Amino acid sequence: MNPEIEAHLRLLVKFPSPPGVATHIIELAQDPDIEMGKVAKALSMDSALSSKVLRIANSPLYAQRRKSENLRQALVVLGLNATLTLALSFSLVKSLRGGKSNGLSYKLYWRRALLAATAARALGDVMHHALAEEIFLAALLQDVGMLALDQAVPDLYRDGEKLQRDHAALAEHEKNRLQADHAHVGGWLMRTWNLPERLYRAIARSHQLEMTPSAEAAQVFDRCVALSGPVADLFLLDAEQRQFAETALSAERSLGLDRMAFGQVLATIGAMIPETEAIFESELLSKQHPDLILEQAREVLMLRSLHALREINTLRSSGEGASAQTTAVEEETRRDALTGVYNRAYLEQYLAREFENSTRHKWPLSIAFIDLDKFKQLNDSFGSQAGDRVLQAAARILRGNTRETDLVARYGGEEFVVVLPATDADTAQNICERIVMAFRNTGHVVGSEHAKATVSIGCATHGTQIHFSNVADFIKAADQALYTAKTRGRNRHVPFNPQLSASLAQTN
């Protein structure tokens, strides 16, 4: 770091030293002969701190059959090093939350810090790192230099929250002004606090994500911390700002996590957020529920290859006409001429491939069989041209109420199929309900009259509670669910139920 900046920080920053309990914890952590009794005694000096340690020992993160009733039991569950690290996290957050901002949005700062710590913990767990709690602490403090710089250079963050929402631009802004960014400042500051070297090293390198996989523990430690900030932004930023594919690609290159493993990490973070909010008494998500964010993530991550996203963007910008023309011709052969959605031949190829992927990788796959209610009656009354227009409108409604990663195809006549990759039964039912409601609320001009065309939907899911042996059985299940929807009065969706389908088969 620039010596002038360091001197300036030493003179001007009224930055709190670690509180007494935190200082004592740091000293205990450096004692190779530390005993459990000393740790319990140190923590018991702060009742709020000891209650947080007890709570986390009994939290889902350390799922135990037996509840920890006191600090000694919590220490057994967590281990000495993890207990000290977590206690230090709680203590430092409590001490650093005070102070007056000169431009920094403290609320946004702490949201990102706690989300990043949660993300780092999830990444450390999936990488089976032995020091997941220390990864949590390093990620929690990785932006602490911002707090110091906000005090030392009062106009540095005058754009406040707007600047904080683009972390790369914020770091570049700091470098332009100070020849150093907050990661360097944070690393220096934590070194002056006598934190272990691996902690302040990871903080100082938190903007330097290496993109070649390594199994070496120290490098995995640093990479979990460096990746945690971009992962936190997936939950923190607005939908249009989230970079799921780019961040997943970084996880693949830096930690060797494929897109399904990365998707599971995001789900773990979503599950951990309520507990993190409770323990640190903070609201991490202000607008959206984690489930909505995770649904958006699933849509993006279902691209066949994350590298393909880059390649598609490159092709679009380079204007390779011949390749684009070939792709257009191939695409045309896959489409139904009347409705513009995919045809049955391509549907069968696609579904076979997705079924194989679902079975091999053990992720869910759902399909929805959709039939226009009383379409023959409409066709007979108003003619085939009116029927064609309704079919075209139906295709538009289906495309408008499904996701980019879903495939809509015409199965034949007035039947359509929607394939929902990596989609569990609950999500599939939500999408089906959305489709049913869209048809209910859409009117059609048929001849000189206004009419509505409702739909019946049968849905089946492979790979969660039910495993089908082949694609034919999978399709048959969705078709049986569709039959059930029709027998119940149409204009509804019904999920596949093996027992109900068996009883219906016996009565027919």
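All of the points below concern the structure found in this document. This is a predicted model, so every value here is computed, not measured. (Residues numbered from 1 in each chain as written. Predicted model: local features only at pLDDT ≥ 70, side-chain atom pairs only at ≥ 80, totals over all residues. Heavy atoms only, no water.)

### What to know about the sheet that holds strand β1 (residues 365-372)
Which entries qualify depends on this criterion: Strands were regarded as paired on the criterion that DSSP finds at least two bridges between them. Secondary structure elements follow DSSP: runs of H or I no shorter than four residues count as helices, runs of E no shorter than two count as strands, and numbering proceeds from the N terminus. Every axis in this analysis is a line fitted to C-alpha atoms, fitted for helices over the stretch in contact. Angles between the N-to-C directions lie between 0 and 180 degrees. Between two residues, a contact is recorded if the distance between any of their heavy atoms is within 4.5 Å.
Strand order in the open sheet formed by five strands is β2-β3-β1-β6-β7, with mixed pairing between adjacent strands. The open sheet terminates on both sides in strands that have one partner only, identified here as β2 (407-412) and β7 (492-495). Mean inter-strand twist for the sheet, computed between neighbouring axes without regard to direction, equals 20°. Packed on one face of the sheet, helix α24 (residues 471-487) meets β1, β2, β3 (415-421), β6 (455-462) and β7 and runs near 145° to β6.

### Structural notes on unusual backbone geometry
Condition: Whether a residue is buried, partly exposed or exposed follows from its accessible area with a 1.4 Å probe, protein chains only, as a fraction of its type maximum: under 20%, in between, or over 50%, in that order.
With phi around 60°, glutamine 179 is a residue other than glycine that occupies positive phi space. By the element assignment, glutamine 179 lies in the loop between α11 (167-178) and α12 (182-192). Overall, the relative accessible area of 56% leaves glutamine 179 in the exposed class. Backbone geometry places alanine 422, a non-glycine residue, at a positive phi of 50°. A residue is classified by how much of its surface remains accessible, and alanine 422, at 11% relative accessible area, is buried.

### Examining the packing of aromatic side chains
Defined as follows: Each Phe, Tyr or Trp ring (for Trp, its six-membered ring) is paired with any other whose centre lies within 6.5 Å, and the angle between the two planes then decides the class: stacked below 30 degrees, edge-to-face above 60, tilted in between.
By the definition in use, this model includes seven aromatic pairs. Ring centres 5.1 Å apart and planes at 90° place the aromatic pair tyrosine 109 and tryptophan 110 in the edge-to-face group. Overall, tyrosine 109 belongs to the buried group, its relative accessible area being 4%. Classification of tryptophan 110 by relative accessible area gives buried; the value is 8%.

### Here we look at the packing of helix α14 (residues 217-236) against helix α15 (residues 244-255)
Rules: An angle counts as roughly parallel when it lies under 35 degrees, as roughly antiparallel when it exceeds 145, as roughly perpendicular when it falls between 65 and 115, and as oblique in every other case. Residue polarity is assigned by list, with Asp, Glu, Lys and Arg as charged and Ala, Val, Leu, Ile, Met, Phe, Trp, Tyr, Cys and Pro as nonpolar; anything else, Gly included, falls into the polar class.
At a minimum axis distance of 10 Å, the contact between α14 and α15 shows a crossing angle of 175°. Judged by the inter-axis angle, α14 sits roughly antiparallel to α15. Each of Val220, Arg223, Cys224, Leu227, Pro230, Val231 and Leu234 in α14 lies in contact with α15, whose residues at this interface are Phe244, Thr247, Ser250, Ala251, Ser254 and Leu255. Grouping the constituent residues of the contact of α14 with α15 by class yields nine nonpolar, three polar and one charged.

### Quick notes on the pattern of salt bridges
Threshold: In the sections that follow, a salt bridge refers to a side-chain nitrogen of Lys or Arg positioned within 4 Å of a carboxyl oxygen of Asp or Glu.
Going through the model one piece at a time under the given rule, you end up with 16 salt bridges. In this structure, the salt-bridge partner of glutamate 283 is arginine 111, at a minimum N-O distance of 2.9 Å. In this pair, glutamate 283 is assigned in the loop between α16 (259-280) and α17 (290-301) and arginine 111 in helix α7 (residues 106-126), connecting sequence segments 172 residues apart. You can call glutamate 283 partly exposed: its relative accessible area is 46%. In this structure, arginine 177 and aspartate 155 form a salt bridge, with 3.1 Å as the shortest nitrogen-oxygen distance. With arginine 177 in helix α11 and aspartate 155 in the loop between α9 (144-152) and α10 (161-164), this residue pair connects regions lying 22 residues apart in the sequence. Taken together, the shared-partner salt bridges connect Arg112, Asp143 and Asp233 into one network.

### What to know about α9
Taking burial as the measure, the nine residues of α9 include eight buried ones, the bulk of the element. Listed in full, the buried residues belonging to α9 are Val144, Gly145, Met146, Leu147, Ala148, Leu149, Asp150 and Ala152.

### A word on the state of the cysteines
So the rule is basically this: In this description, a disulfide is simply a cysteine sulfur pair whose atoms lie within 2.5 Å.
On inspection of all chains with the given rule, the structure shows zero disulfides. Here cysteine 459 stays free of any disulfide, with the sulfur of cysteine 432 as its closest cysteine sulfur at 4.0 Å. A relative accessible area of 4% means that cysteine 459 is categorised as buried.

### What about helix α22 (residues 384-400)?
Put simply, the rule is: In this scheme, a helix's expected span is set at 1.5 Å multiplied by one less than its residue total.
Taking 1.5 Å of rise per residue, 17 residues should cover 24 Å, and α22 covers 24 Å from first to last C-alpha, within 8% of that figure. Within α22, the full set of buried residues consists of Ala386, Gly387, Val390, Leu391, Ala393, Ala394, Ala395, Ile397 and Leu398.

### Notes on the pairing of β3
Counting buried positions along β3 yields six of seven residues, so the element is predominantly enclosed. With seven bridges connecting them, β1 and β3 associate as antiparallel partners. Bridge pairing in β3 links leucine 365 to proline 421. By the bridge criterion, five bridges tie β2 to β3 in an arrangement that is antiparallel.

### Some points on the side chain of asparagine 357
Formally: Here a polar contact is recorded for every N or O atom pair within 3.5 Å, except that within protein the pair must consist of a potential hydrogen donor and a potential acceptor, and residues adjacent in sequence are included only if both atoms are side-chain atoms.
Among the structural elements, asparagine 357 can be located in helix α20 (residues 344-361). Using a relative accessible area of 12% as the deciding quantity, one classes asparagine 357 as buried. At 3.4 Å, the side chain of asparagine 357 and the side chain of arginine 360 are in polar contact.

### Let's talk about the environment of histidine 182
Tracing the backbone shows histidine 182 in helix α12. Of the residues examined, histidine 182 reaches a relative accessible area of 0% and is grouped as buried. In sequence terms histidine 182 and leucine 147 are 35 residues apart; their C-alpha atoms lie 8.7 Å from each other. Contact partners of histidine 182, with chain neighbours within four places excluded, come to Gln142, Asp143, Gly145, Met146, Leu149, Tyr157, His167, Leu170, Glu174 and His207. Polar contacts involving the side chain of histidine 182 include one to the side chain of aspartate 143, which spans 3.0 Å.

### Notes on the packing of α22 against helix α23 (residues 425-440)
For the record, the criterion: For a crossing to be left-handed, the near helix must be turned anticlockwise from the far one by less than a right angle; the clockwise case is right-handed.
Closest axis-to-axis distance for the α22/α23 pair is 10 Å, and the angle between their directions is 140°. Taken together, the axis directions place α22 and α23 in an arrangement best described as oblique. At the point where α22 passes α23, the crossing takes the right-handed sense. Residues Ala394, Ile397 and Leu398 of α22 pack against Ile435, Ala438 and Phe439 of α23. Here the contact of α22 with α23 is composed, by residue class, of six nonpolar, no polar and no charged.

### Digging into the nonpolar core
Threshold: Side-chain atoms within 4.5 Å link the members of a nonpolar core, which is a set of buried Ala, Val, Leu, Ile, Met, Phe, Trp, Tyr and Cys residues.
Core analysis: the biggest nonpolar cluster contains 80 residues, and Met190, Phe235, Leu266 and Ile269 have the highest contact counts within it. Looking at this core element by element, the count peaks at 13 residues for α7. Contact partners of methionine 190, with chain neighbours within four places excluded, come to Leu141, Val144, Leu195, Tyr200 and Ile203.

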